[in-house]
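Chain by chain, the residues:
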Amino acid sequence: MNRRTKTVLGTALTASLLAGGTALADGRSWRPAPKEVRVMLPEGQSNPGIATGVATGGEIAVYQSSGLGPTALNPAAPEGSPERYTDPSLTEGAEGVTVTEAQALVVLRNIKTNLEAAGVTPADVITMKCYLMKPPGAETADYAGWNRAYRQYFANIDLATHKVVPVPMGTSAPKAPLVANKARPARATMEVASLAVKGWLVEVEVTAAYKKR
């Protein structure tokens, strides 16, 4: 394969990946270069919430966070209650914010701080696992609240237009997210029976890739 052919193929692969890319999963050419990170998106979507997969080259340095939960920042709430692990300053002015959503906003801010201490940012996150407990009295975990909080920190820049997409907080009208970020991690979210700290409803761990040198 000559140099021109390689260039044309690389351009086509990149365009296909951004447009969708699921068809590339079976092709050997989708394998990343040693220092490359490749993100596979759901076909035909320019602003998906998560990736269908992420591939990293063999020479990519990665950082793995521990599972992080929310900080108790609401002294007005009873000790050990889910409300205790929220930060009223993050949801000020918003209506209909669920306790899971409020906790998740704190968790994701903690993730951001943790990543920056390690020399990476939310934009470098490639995988994420989220563990949810159902709120007291609820039948299931609050996936909708978690997803709203997630969009405040991740997947809120349209990959086709490169514009920041307004996101809702609770039942309030959508507005600019807390952190503009185009990253689409490969993500798994699951309900669990318990978490390590009484009152926690959300725990998150992430993997981030360092920029290639």
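Cut-off values and rules
Position numbers for residues count from 1 along each chain, tracking the sequence in the order it is written. Where totals are concerned, whole chains, interfaces and linings use all residues; where local detail is concerned, this predicted model gives features only for residues with pLDDT of at least 70, and gives and counts side-chain atom pairs only at 80 or more. Side-chain figures throughout are based on the complete set of non-hydrogen atoms in the structure, without hydrogens or water. One side-chain nitrogen of Lys or Arg within 4 Å of one carboxyl oxygen of Asp or Glu is enough to make a salt bridge. Secondary structure elements are taken from DSSP: a helix is a run of H or I of four residues or more, a strand is a run of E of two residues or more, and numbering for both begins at the N terminus. Exposure classes here rest on a 1.4 Å probe applied to the protein chains alone. A residue is buried below 20% of its type maximum, exposed above 50%, and partly exposed in between. Following DSSP output, two strands are said to pair if at least two bridges run between them. Here, axes are lines fitted to C-alpha atoms. For helices the fit covers the stretch in contact, and angles between N-to-C directions go from 0 to 180 degrees. What is meant by a nonpolar core is a set of buried Ala, Val, Leu, Ile, Met, Phe, Trp, Tyr and Cys residues, joined one to another through side-chain atoms within 4.5 Å. By definition in these notes, contact holds between two residues if any of their heavy atoms fall within 4.5 Å. Note on convention: the crossing is left-handed when the near helix lies turned anticlockwise from the far helix by less than a right angle, right-handed when the turn is clockwise.

**Quick notes on the pattern of salt bridges**
(1) Moving on: Taken as a whole and assessed by the stated rule, the structure comprises five salt bridges.
(2) Moving on: With a shortest N-O distance of 2.9 Å, R38 and E36 are connected by a salt bridge.
(3) Moving on: Taking the shortest distance from any N to any O, the salt bridge between R109 and D87 comes out at 2.8 Å. Separated by 22 residues along the polypeptide, R109 in helix α2 (residues 99-117) and D87 in the loop between β3 (62-64) and α2 bring together distant segments of the chain.
(4) Moving on: Relative accessible area serves as the criterion here: at 11%, D87 is assigned to the buried category.

**Some words on the sheet that holds strand β4 (residues 125-132)**
(1) Moving on: Here we have four strands laid out as an open sheet, ordered β3-β6-β4-β5, and mixed in their pairing. Edge positions in the sheet fall to β3 and β5 (186-191), since each of these pairs with one other strand and no more. Pairs of neighbouring strands in the sheet enclose a mean axial angle of 10°, with direction left out of account.
(2) Moving on: Where β4 lies against β5, six bridges are found, and the strand directions are parallel.

**Observations regarding the nonpolar core**
For soluble globular proteins, nonpolar side chains are generally found buried alongside one another.
(1) Moving on: In this structure, M128, W146, F154, V202 and V204 are the most contacted members of the largest nonpolar core, which totals 35 residues.
(2) Moving on: Mapped by element, the contributors of at least two residues to this core are α2, β4, α3 (143-153) and β6 (202-209).
(3) Moving on: Looking at this core element by element, the count peaks at eight residues for α2.
(4) Moving on: Apart from residues no more than four positions distant in its own chain, M128 is found in contact with L108, W146, Y150, F154, P185, A186, R187, A188, V204, E205 and V206.

**Focus on the packing of α2 against α3**
(1) Moving on: Where α2 contacts α3, the two axes come as close as 8 Å, and the packing angle between them is 35°. Like other packed secondary-structure pairs, α2 and α3 cross with a definite hand, here right-handed. From α2, T100, E101, A104, L105, L108, R109 and K112 reach across to α3, where they touch G145, W146, R148, A149, Y150, Q152 and Y153.

**Some thoughts on unusual backbone geometry**
(1) Moving on: The phi torsion at A155 lies on the positive side, around 55°, for a residue other than glycine.
(2) Moving on: Within the fold, A155 resides in the loop between α3 and β5.
(3) Moving on: For A155, a relative accessible area of 0% puts it in the buried group.
(4) Moving on: Of note in the backbone geometry, H162 takes a positive phi value of approximately 65° without being a glycine.
(5) Moving on: For H162, the position within the fold is in the loop between α3 and β5.
(6) Moving on: Exposure remark for H162: the relative accessible area of 63% places this residue in the exposed category.

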